[in-house]
Each structure stands twice: as C-alpha cells, then as structure tokens.
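If you want the building blocks of each chain, they are given just below.
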Amino acid sequence: MTYDFTPLFRSAIGFDRLATMAGNVANAQALPSYPPYNIEKTGETNYVLTMALAGFRPEDVDVVQEDNTLVVRGSVSDNSRDREWLHRGIATRAFERRFVLADHTEIDRADLVNGLLSIAIRQLVPEAARPRRIPVRTEAMHTTEAKTVQAA
C-alpha cells in the first residue's frame, strides 16, 4: 500500500521525510511478530524497548542505530544436530526487527538479562528546538534602547 503525500507537499516545506517514515511504518506492520516485544515510556523523553529472546546470548544479538532506525538482529548457531528433540517450543530462529526512531534520539544501552533484551532509548531535545519565550517590547522600550546605543 502506498500513500500520496502530494497535497501535503504543496503547502509544507521540509516534510519530505514524513513520506519515508510513513512508508517504513506501513511496511513494518506487514512483518511477522517474532520476537515479541514491549515499548515502555519511562520518563518524559525516555523509553525502553524490551524483546523476549529466550535462548539467545549477547554475542547472538546485534543492535544497530542507522540514522533514525533501530535495527535488532539475532541469530543462534544451530548446535542441535547432536540432540534428539522430543518437543522444541522455544523459538531461536534468526530475526531482524526495525523500529523507526524520532529525530534527536539515541540509544543509551542494551542489556540481555534472563532472556529479555532491554534497550534504553533517550530523546534529546536540542536547545534550538526547545520552546523559548520571546519578550514583547513596547515602543518606549525600543526608543530607550536606541538612545542608549547612540550615546555609546
């Protein structure tokens, strides 16, 4: 499914990344749901992504931030050839999950404990993007400043 953002681009400047992000999100919805995960907001600008990775070791998992995309890949070497499985219900198949990150987002850390991969994500709001109050001046204030500048 594709979306036509032409009407938006007629009146907006600098939102061309919006189409790419919307397309990525639409494609991500079609992916399988393995491995299961949670996304939790832990503060105003802090998040934790938790993935259930039973049977994976830290060296089996790769966490990469590529521009505004978090990519989590996992692959366990198949050492089960010398085993006879009666039931194998724990999935350790290879996977790749992609998550679209907001602008100015960074990964703090990734920990794999008790089969749960926790990725701490923090959104940094640059000073230029923070709201700032603009003082409203009167004509009298402007005239006083002009006289001060002329006297100097």
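The residue numbers shown here count from 1 along each chain, following its written sequence. Local features in a predicted model are, by the rule used here, given only for residues with pLDDT of at least 70; side-chain atom pairs are given and counted only at 80 or more, and totals for whole chains, interfaces and linings are based on all residues. The side-chain values count all of the structure's non-hydrogen atoms but skip hydrogen atoms and water molecules.

Looking up the chain in an unreviewed UniProt entry gives the name Heat-shock protein IbpA, with the organism given as Gluconobacter sphaericus NBRC 12467. UniProt positions are given in the numbering used here, feature names are shortened, and annotations may be inferred rather than shown by experiment. UniProt's Sequence similarities (unreviewed entry) comment on the chain is quoted here verbatim: "Belongs to the small heat shock protein (HSP20) family."

(A) Fine view of the sheet that holds strand β7 (residues 116-123). Whether two strands pair comes down to DSSP finding at least two bridges between them. Helix numbering and strand numbering both begin at the N terminus, where a helix is a DSSP run of H or I of at least 4 residues and a strand a DSSP run of E of at least 2. Pairing is antiparallel in the open sheet, where four strands are placed in the order β1-β2-β7-β6. Only two strands of the sheet have a single partner each, and these edge strands are β1 (37-41) and β6 (105-113). Averaged over all pairs of adjacent strands, the angle between their axes in this sheet comes to 15°, without regard to strand direction. Relative to β7, β6 runs antiparallel, the two being bridged by eight bridges. Among the inter-strand pairings, Ile107 is bridged to a residue of β7, identified as Ile121. Where helices are involved, their axes are fitted lines through C-alpha atoms of the stretch in contact, as for all axes, and angles between N-to-C directions lie from 0 to 180°.

(B) Geometry of the side chain of Arg97. The residue Arg97 is located in strand β5 (residues 95-100) in this model. Remark: exposure states derive from per-residue accessible area (1.4 Å probe, protein chains only) relative to the maximum for the residue type, with buried under 20%, exposed over 50%, and partly exposed in between. For this count, His and the chain ends are skipped, Lys and Arg are scored as positive, and Asp and Glu as negative. Each salt bridge in this description consists of a side-chain nitrogen of Lys or Arg and a carboxyl oxygen of Asp or Glu lying within 4 Å of one another. Here Arg97 is buried and forms no salt bridge, its nearest opposite-charge partner Glu96 lying at an N-O distance of 9.2 Å. N or O atoms within 3.5 Å of each other form a polar contact, as long as, within protein, one can give a hydrogen and the other can take it, and as long as residues adjacent in sequence are counted only when both atoms are side-chain atoms. A polar atom in the side chain of Arg97 sits 3.5 Å from the side chain of Tyr37.

(C) Quick look at the nonpolar core. In this structure, Leu70 and Val72 are the most contacted members of the largest nonpolar core, which totals 14 residues. For this core, the secondary-structure elements that each account for two or more residues are β2 (46-52), β4 (69-74), β5 and β7. By residue number, the principal contributor to this core is β7, which donates three residues. Residue contacts are defined here by distance: any two heavy atoms, one from each residue, within 4.5 Å place the two residues in contact. Residues contacting Val72, with those up to four places away along its chain left out, are Met51, Val61, Asp62, Val63, Phe95, Glu96, Arg97, Phe99, Leu117 and Ile119. Throughout this description, the term nonpolar core refers to a set of buried Ala, Val, Leu, Ile, Met, Phe, Trp, Tyr and Cys residues connected via side-chain atoms within 4.5 Å.

(D) Focus on the pairing of β7. The sheet contact formed by β2 and β7 spans seven bridges and is antiparallel. Bridged to Met51 within β7 is Leu117. Hairpin connection of β6 to β7: two residues between the antiparallel strands, including Asn114 at a positive phi of 55°.

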